Protein chains: 2
Amino acid sequence: MARHRILVVDDEPAIREMVGVALETADFDVLEADTGQLAHERIVDERPDLILLDWMLPAISGIELARRLKRDDATAELPIIMLTARSEEDNRVQGLEAGADDYVVKPFSTRELISRIKAVLRRTSAAAAEKTLEVEGLRLDPVGHRITVEDEPVDMGPTEYRLLAFFMSHPERAYSREQLLDQVWGANVYVEDRTIDVHIRRLRKALAPWGYDRFIQTVRGTGYRFSTRSGRVTSA
Amino acid sequence: MARHRILVVDDEPAIREMVGVALETADFDVLEADTGQLAHERIVDERPDLILLDWMLPAISGIELARRLKRDDATAELPIIMLTARSEEDNRVQGLEAGADDYVVKPFSTRELISRIKAVLRRTSAAAAEKTLEVEGLRLDPVGHRITVEDEPVDMGPTEYRLLAFFMSHPERAYSREQLLDQVWGANVYVEDRTIDVHIRRLRKALAPWGYDRFIQTVRGTGYRFSTRSGRVTSA
DNA sequence: ACCTTCATGACAGCATTATGACAGGGGCGA
DNA sequence: TCGCCCCTGTCATAATGCTGTCATGAAGGT
């Protein structure tokens, strides 16, 4: 599994710096944002695994951002840890109500922060990883680690399984071969771009008996996409 | 990508001059305006990529202009950086509320100004690149990298997609073939001017089943335009 | 009418993607 | 430990789809 990516949202550079170093030491990848606005953009764009969110932010407050994230299906599952100053501690109920998974009071030890993060990630990623995805009858069961259609198993290799798992959790979105390599094979893996094509073919072949290969669409000049909406309509 | 065009709005020629030189050195194209009135005209007419806006202006104040721009859909997305004198610094909240993306306090170093501008442009252009555009039911989804009408995909080649993407993000404006080549094909590409005609035809053909080919209008003697308003009125 | 500027259909060449085959690597059971 | 079998990453090659140009007909302007 790739390293977890944490987004640190705080308007004070000093805090971001401190937390950032601590997180990197603990083997997380760190993203930063200094405003709620930017944070939201990066969340939508880069899908971090967890958000460290300062309570007080200019313009969009942390709590407001948390509410927005919970309201949108696409981001509702994102775990959030609130950072609050001691004086604001009373508000923690509000924070938890807004959807925070945990909260940490400043000043905090980095050790404590890290362990909280790991705890939250353990909880949520276990939950997320166990959620079975289903699209029009095509079912991916992370627990059983297999694909089924009407309870009948679909046979495919491990790589095809991971590829499909990635696609099913990021539908309706085009990915370049390079992005797929990063996401499915893992970063820093040297594999030929065109190898993707072969695995795509294997995946399609595995899904073809049920016609689900139509979900795996080629985006010419760019890469591939998983979509339930019909792809190219070859004119007769 | 073409150079970014920055509109500098300030009533003091000295400031405009200084900022202008700095921006040009940093490889931006510079437009100027000395009143809110004129600024608004140039914005509507020339669509700069970012606005540097002085807080204090005669007649229409900077903050008032910012509000107006945010109120109008056509200009709401335009990033604004406010310039404020130190004594006005307290008002920065007002500025941010009025929709400014950032603010810089005078006196400022040109280095700081440039880096702020770049930061804002990075943010907004990244966000803009992901925003789905829709015009009367015709939808362009940059993330999924495709065009849809009522959730039904519209089939077209990569070049037609890029061409439409450019048109949809620059509507109601005529472009010469040369400009289109620069923008859509990229600079330093040698292609016959008339090739555009062919791609325009392909794009129209792709859109025709839904009648959206009416948006792609010929501007005789000049080039083409994307417009929702009906094109040429052929006299009966 | 005459001269321009566009629209279209046809093409050949080029580019990108699909497919089938294959050799090496590893894991697992005998 | 040895084989056997499944997986993987790469190639070479076939199959499609795109592109840029032309030649020709249509439309617009004067």
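Everything here concerns the structure above.
Residues numbered from 1 in each chain as written. Chains lettered and ligands numbered in written order. Predicted model: local features only at pLDDT ≥ 70, side-chain atom pairs only at ≥ 80, totals over all residues. Heavy atoms only, no water.

1. Overview of the packing of aromatic side chains
All names here are of chain A.
Argument step 1. Throughout the structure, instances matching the rule amount to 10 aromatic pairs over all chains.
Argument step 2. Considering the side-chain rings of phenylalanine 167 and phenylalanine 226, the 6.5 Å spacing of their centres and the 20 degrees angle between planes classify their relative orientation as stacked. Taken together, the positions of phenylalanine 167 in helix 7 (residues 158-169) and phenylalanine 226 in strand 12 (residues 223-226) put the pair 59 residues apart, joining distant regions of the chain.
Argument step 3. With a relative accessible area of 0%, phenylalanine 226 lands in the buried category.
Argument step 4. Through successive ring pairs, a cluster of aromatic residues spans Phe166, Phe167, Tyr175, Tyr212, Phe215 and Phe226. (Phe/Tyr/Trp six-rings, centres within 6.5 Å; stacked < 30°, edge-to-face > 60°. Helix = DSSP H or I, 4+ residues; strand = E, 2+ residues; numbered from the N terminus. Buried < 20%, exposed > 50% of the residue type's maximum accessible area, 1.4 Å probe, protein only.)

2. Notes on the protein's contact with DNA strand D
Argument step 1. Neighbouring residues of DNA strand D: 24 residues in total, closest Thr159 and His199 of chain A together with Thr159, His199 and Arg202 of chain B.
Argument step 2. Within 4 Å of the protein, the contacting atoms of DNA strand D are drawn from sugar and phosphate to the extent of 64%.
Argument step 3. Between DNA strand D and the protein, one listed contact pairs a phosphate oxygen with a side-chain N or O atom of threonine 159 of chain A at 2.6 Å.
Argument step 4. Elements with a minimum of two residues in the surface near DNA strand D: helix 7 and helix 9 (195-207) of chain A together with helix 7 (158-169) and helix 9 (195-207) of chain B.
Argument step 5. A per-class count over the surface near DNA strand D returns eight nonpolar, six polar and 10 charged. (Near = heavy atom within 4 Å. Polar contact = N/O pair within 3.5 Å; in protein donor to acceptor, adjacent residues only side chain to side chain. Nonpolar A, V, L, I, M, F, W, Y, C, P; charged D, E, K, R; others polar.)

3. What about the protein's contact with DNA strand C?
Argument step 1. In the vicinity of DNA strand C, 21 residues are found, and the nearest of them are Thr218 and Tyr224 of chain A together with Thr218, Gly221 and Tyr224 of chain B.
Argument step 2. For DNA strand C, the fraction of protein-proximal atoms (within 4 Å) that sit in sugar or phosphate groups is 75%.
Argument step 3. Contacts to DNA strand C include threonine 218 of chain A, whose side-chain N or O atom sits 2.6 Å from a phosphate oxygen.
Argument step 4. With respect to DNA strand C, the backbone of glycine 221 of chain B contributes an N or O atom lying 2.6 Å from a phosphate oxygen.
Argument step 5. Those elements that provide at least two residues to the surface near DNA strand C are helix 9 of chain A together with helix 9 and strand 11 (216-219) of chain B.
Argument step 6. Grouping the constituent residues of the surface near DNA strand C by class yields three nonpolar, six polar and 12 charged.

4. A short note on helix 3 (residues 62-71) of chain A
Argument step 1. Restricting attention to buried positions, one finds in helix 3 of chain A the residues Gly62, Ile63, Leu65, Ala66 and Leu69 of chain A. On an axial view of helix 3 of chain A, the arc spanned by its buried residues comes to 160 degrees, and they lie on one face. (Arc of directions from axis to C-beta.)

5. A word on the pattern of salt bridges
Argument step 1. Counted under the stated rule, the structure contains 20 salt bridges over all chains.
Argument step 2. Each of the salt bridges in this network shares a partner with another, and the network as a whole consists of Glu172 and Arg229 of chain A together with Arg146 and Asp151 of chain B. (Salt bridge = Lys/Arg side-chain N within 4 Å of Asp/Glu carboxyl O.)

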